[in-house]
Amino acid sequence: MFPAPFLLHAPDGFFSVPVSVAFWVVTAAVLAISVREANRSLEERTVPTLGVLAAFIFAAQMVNFQVAGGTSGHLLGGVLAAVLLGPWAGSIVMASVIAVQALVFQDGGLVVMGANIFNMGIIGTLGGYVVYRAIASLGRGWRWQLGAAAVAAWFAVEAAAVVTAFQLALSDTSPLNVALPAMAGVHALIGLGEAAITVAALAFIASVRPDLLQSRERAIAAGGEGHAGGLRGALRSGPAWLAAGIVASALVVVVLAPFASADPDGLERVAIDHGFDAVAKANPYEILPDYTVPGLGGTASTVVSGLLGVLLVLAVVLGAARIVAARRAARLQREEASSTA
Amino acid sequence: MSGLALDRYLPRESPIHALDARVKFLVAVAFILAVSLLPAGAFASIAIAWAAIALASGAAKLGPFRPTRNAFFALPFVLAALPLVFTRPGEELFSLPLAVFTLRVSVEGLVAFLTIASKSWVAVQAALLLAYTTPFHDLVDALRALRLPTIFVTTVSFMYRYLAVLSDEASRMLRARAARSGSRSGRSGGSLRWRAVVAGRIVGALFIRAYERSERVYQAMLARGFEGTVRPRASRALRRREWAALALAAALLASFEAAAHLWIPAV
C-alpha cells in the first residue's frame, strides 16, 4: 500500500519546527525556479503530460522485486523522472507525488513536507541529474550513459538518506552517530535496487520507444555522438557539468566523512575541520537545548546550521541552472545560424 | 477494479464536512504546527490535542476514535527516534547488560522518545481527519485559492485523476509477472539481477503506456476545445463566518500553545 522506502517519508513530529520551516523555505525557492524553467521550456501539452506521468511515478513505486528474506527492492524514481522529463519538470512531478502521498494517504507529514520534497524530489531530480550529466559527459556511447544513470540513481537515494539523517539529528530526534550510519548503510543497499530498476527501465524505453527520450539521450541511443555541436559542444558543456559534479560529490564526501569514523569524537573533529561547528553546536549531546522554554539561542543556531548546509546544496543547484540556461541560449544561436545559412 | 483505496473521503452530513476546504486545510496545518511546537514531556497538552481530534471526529459523525484507530500505520517511523532512549544523557531509569556493553535507559531519553511518538501520532490523526472530511478535488481547489503555482495544482489534479488508472495498469503487470515467473512465497524465479531487470522493464513499459495515454488525453482535450490552460472553478471569497471560524481556530491554538508552555504541567 505504501510502497516507497518509508524511512524517507518522514511523518509530522519527527523534524523540529525550525528544521521544517527552513527546508520549506529552501524547497519553495528551488521549486519556484523549477516552475519558471518548466513554464519556459515546455508547451501547453505538458498540462496533461506532467499529471499522468506523476501518476506513473506513483504506480511505478508499486513495482517491486524480491531481494532476500521477504525484503524487496523498490523505485523512488527521482533520477528516472529527471532523465525522462528533464530535471525541472521532473522535480515538479516528484513534488506533486510527495504532496499527494501526504494529502491523500498521510504517507509523510504536512509541516515536514518541505523537507520530504527536498530529500526525495529535489536531491533526487536536480542533484541526481547533475551527477548523471557530469558522469555522462566523461564518456561516450549508450552503455556509458546508462552507467551514469545507475550511479546517479544510487547517489540520489544515498544523498536523500544522508540528508534525512542530518535533519533528524538537527531536530534532536535521533543522534547523528546512530542515524547517519544506519540511514546511509540501509540506503546504500536500497540505492542498488533503485539503480537497477532505473537502468533497466531506461534501456527498455530506449529499445522500444527511443523517440520518447530527450533529444540528447535519443541521439546517443541511436549510436550518434550527441547533439549537433559535436566535439565543440562537448568541450563547451562537458567541463561545466563535470565541475558541478565535482562540487556535488565534494559535498557528499564532506557529509560522509564522519561516517568513516563512527565515534563521536571523530565526528566533532571532522565537523570543526570543515567549519561545520555550527552544526556541532546544535548536536543533542553538545549543548542540551532548553526544551521547556523555546530558547532562541538553540533554535537560532539550529536554523543557521540547517540553512548553511542547505545553502551549499542550493548553490550547486543554481550553478547547474545557469549552465542549463547558457546551453539553451547557445543551442538557439546555433539553430539560428544554421537556418540563416 | 483498483485494490488501492484511492480516497479516504467519507461522505457525511456534518458541519465539519460543510466547512470550506480552505479553512479546514489551514486549520489542520496550524494544528499540526501547534502540536509540533509542544515542549518535551507535555503529555497532558498532547492528550488535550488528541481529545480535540476525537471531538471533531465525533462532530463529523465518523465516531470519535476512527482517526485514532487508523493512525497506527505511521508508527514504524518511530524506529528513527528510538536511539534517543539510550543516548540522551540524564537520570538512569534502568540498564540492560548485554554481552559486550550496557544499554542505559535514561528518563530524559524515554520522555523525549514518547513525546516525539505521541506528537506524530496526533499529527497523523489531524491529517487523516482532513482527508476523511474533504473531497480531494475540494482540497485541490483550496490549494489553488491559496495561490500555489498553477502548474502544481493542475499536475496534482491530473495526477489524482489518473492514479487509479495507472495503479490498475501496474497491478495488472505485476499479476502477469507473478503468473509467468513462478512467484512462490519467499522464492521467485531467476537470479537477483534478472528479477531487478524484469522489474525495471515493467517500469519502462508502464512509462510508455502512461506517456501514450497522456498523448491521447491531450488529443481528447484539444478535441473538446482545450486552449492550453485549465480554467479553474470560480473560487468565491471567504464568507464572514468562515473568517470568524479561522480567527477562532487561530486564537484557540495560540492560547493552547501558550498554556502548554506556561501552565499545563509537563513531565
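Residues numbered from 1 in each chain as written. Chains lettered and ligands numbered in written order. Predicted model: local features only at pLDDT ≥ 70, side-chain atom pairs only at ≥ 80, totals over all residues.

**Some words on the packing of helix H2 (residues 21-36) of chain B against helix H10 (residues 240-262) of chain B**
Residues and elements named next belong to chain B.
Part 1 of the reasoning: In contact at an axis separation of 10 Å, H2 and H10 are set at 5 degrees when each is read in the N-to-C sense. One finds that H2 runs roughly parallel with respect to H10. Packed against H2, whose contacting residues are Val-23, Leu-26, Val-27, Ala-30, Phe-31 and Ala-34, the element H10 presents Glu-242, Ala-245, Leu-246, Ala-249, Ala-250, Leu-253, Phe-256 and Glu-257 at the interface.
Part 2 of the reasoning: In terms of residue class, the contact of H2 with H10 is made up of 12 nonpolar, no polar and two charged. (Axes fitted to C-alpha atoms, helices over the stretch in contact; angles between N-to-C directions. Helix = DSSP H or I, 4+ residues; strand = E, 2+ residues; numbered from the N terminus. Parallel < 35°, antiparallel > 145°, perpendicular 65-115°, else oblique. Contact = placed C-beta atoms within 7 Å. Nonpolar A, V, L, I, M, F, W, Y, C, P; charged D, E, K, R; others polar.)

**Some thoughts on the pairing of strand S1 (residues 92-97) of chain B**
Residue and element names in this part refer to chain B.
Part 1 of the reasoning: Of all the six residues making up S1, zero are buried; the element is thus mostly uncovered.
Part 2 of the reasoning: The sheet contact formed by S1 and strand S2 (residues 102-106) spans five bridges and is antiparallel. Note on S2: the bridge partner recorded for Glu-92 is Ser-106. (Buried ≥ 20, exposed ≤ 12 C-beta atoms within 10 Å, placed from the backbone. Pairing = 2+ DSSP bridges.)

**Topic: the interface of chain B and chain A**
Part 1 of the reasoning: Each partner contributes residues to the interface: chain B has 74 residues there, and chain A has 68 residues.
Part 2 of the reasoning: Counting residues per element, the ones that place at least two in the side of chain B that touches chain A are H2, helix H5 (84-87), helix H6 (107-133), helix H7 (136-145), helix H8 (150-180) and helix H9 (192-223) of chain B.
Part 3 of the reasoning: No other element matches the 22 residues that H9 of chain B contributes to the side of chain B that touches chain A.

**Considerations on the nonpolar core**
Nonpolar side chains in soluble globular proteins generally cluster together in the buried interior.
Part 1 of the reasoning: In terms of nonpolar packing, the biggest core is built from 167 residues, with Ala-55, Phe-56, Val-93 and Ala-149 of chain A touching the most fellow members.
Part 2 of the reasoning: Per-element accounting of this core gives the leading share, 21 residues, to helix H6 (residues 142-170) of chain A.
Part 3 of the reasoning: Setting aside chain neighbours within four positions, we find Ala-55 of chain A in contact with Met-159, Tyr-162, Leu-163, Leu-166 and Ala-210 of chain B. (Core = buried A, V, L, I, M, F, W, Y, C linked by C-beta atoms within 7 Å.)

**Considering the packing of H2 of chain B against H6 of chain B**
Residues and elements named next belong to chain B.
Part 1 of the reasoning: Between H2 and H6, the shortest axis-to-axis distance is 9 Å and the interhelical angle comes to 175 degrees. Taken together, H2 and H6 sit at an angle that is classed as roughly antiparallel. Across the interface between the two elements, Lys-24, Phe-25, Ala-28, Phe-31, Ile-32, Val-35 and Ser-36 of H2 pack against Lys-119, Val-122, Ala-123, Ala-126, Ala-127, Leu-130 and Thr-133 of H6.
Part 2 of the reasoning: Each residue belonging to the contact of H2 with H6 can be placed in one class, and the counts come to 10 nonpolar, two polar and two charged.

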